[in-house]
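For reference, the chains in residue letters:
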Amino acid sequence: ILELKDEWTRRLGARAKVMITSDEYLEIMNPAVNKGAALKRLRARLGMNGGAVLAAGDGYNDVEMIQAADWGLAVEGGRDDVLAAAHRREVDRVD
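Remember, it's a predicted structure, so these values are computed and weren't measured experimentally.

What counts, and at which threshold
Residues numbered from 1 in each chain as written. Predicted model: local features only at pLDDT ≥ 70, side-chain atom pairs only at ≥ 80, totals over all residues. Heavy atoms only, no water. Helix = DSSP H or I, 4+ residues; strand = E, 2+ residues; numbered from the N terminus. Contact = heavy atoms within 4.5 Å. Phe/Tyr/Trp six-rings, centres within 6.5 Å; stacked < 30°, edge-to-face > 60°. Lys NZ or Arg CZ within 6 Å of the ring centre and 35° of its normal. Core = buried A, V, L, I, M, F, W, Y, C linked by side-chain atoms within 4.5 Å. Buried < 20%, exposed > 50% of the residue type's maximum accessible area, 1.4 Å probe, protein only. Pairing = 2+ DSSP bridges. Axes fitted to C-alpha atoms, helices over the stretch in contact; angles between N-to-C directions.

A separate point is the overall build of the chain. On a plain count of helices and strands, the chain comes out with four helices and five strands. Listing each helix as α and each strand as β along the chain from the N terminus yields α-β-β-α-β-α-β-α-β. On the principal axes, the C-alpha backbone points of the chain span a range of 40 × 30 × 20 Å. Counting contacts in the chain only where the partners sit at least 6 residues apart, residues at least 24 apart contribute 22% of the total.

Here it is, written out as structure tokens:
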């Protein structure tokens, strides 16, 4: 799957975001579309500013969401990028 990611990243360049979201899933999407952008729009619509939002995740497609939240929680065993973006790591992973 890493070879596929590299190939499609090379082919599409900045026109798309190519990411591995689990061991067997490769996602190709508009680079402006992600969970973080959705969270920002939802927060603005609901007037939720300053300390009100917690986001949790474990996959590469969760990084922007965790960064957009006031508190980001990474599930232990999650991808390295998620663990680095989070404010806290949780011990137990829920599948």
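Another aspect to go through is the packing of aromatic side chains. Using the criterion set out here, one finds zero aromatic pairs in the structure. Here the guanidinium or amino end of Arg 11 rests over the ring plane of Trp 8, the centre of that ring lying 4.8 Å away.

What follows covers the nonpolar core. Nonpolar side chains in soluble globular proteins generally cluster together in the buried interior. Counting seven residues, the largest nonpolar core consists of Val 63, Ile 66, Ala 74, Val 82, Leu 83, Ala 85 and Ala 86. Of all hydrophobic cores here, the second largest spans six residues; its members include Val 53, Ala 55, Ala 68 and Ala 69.

Now for the sheet that holds strand β4 (residues 71-75). Spatially, β3-β4-β5 is the arrangement adopted by the three strands of the open sheet, whose pairing is parallel. Each having just a single partner strand, β3 (54-57) and β5 (88-90) make up the two edges of the open sheet. Ignoring which end each strand starts from, the neighbouring axes of this sheet average 25° apart. By the bridge criterion, four bridges tie β3 to β4 in an arrangement that is parallel. Bridge pairing in β4 links Ala 56 to Leu 73.

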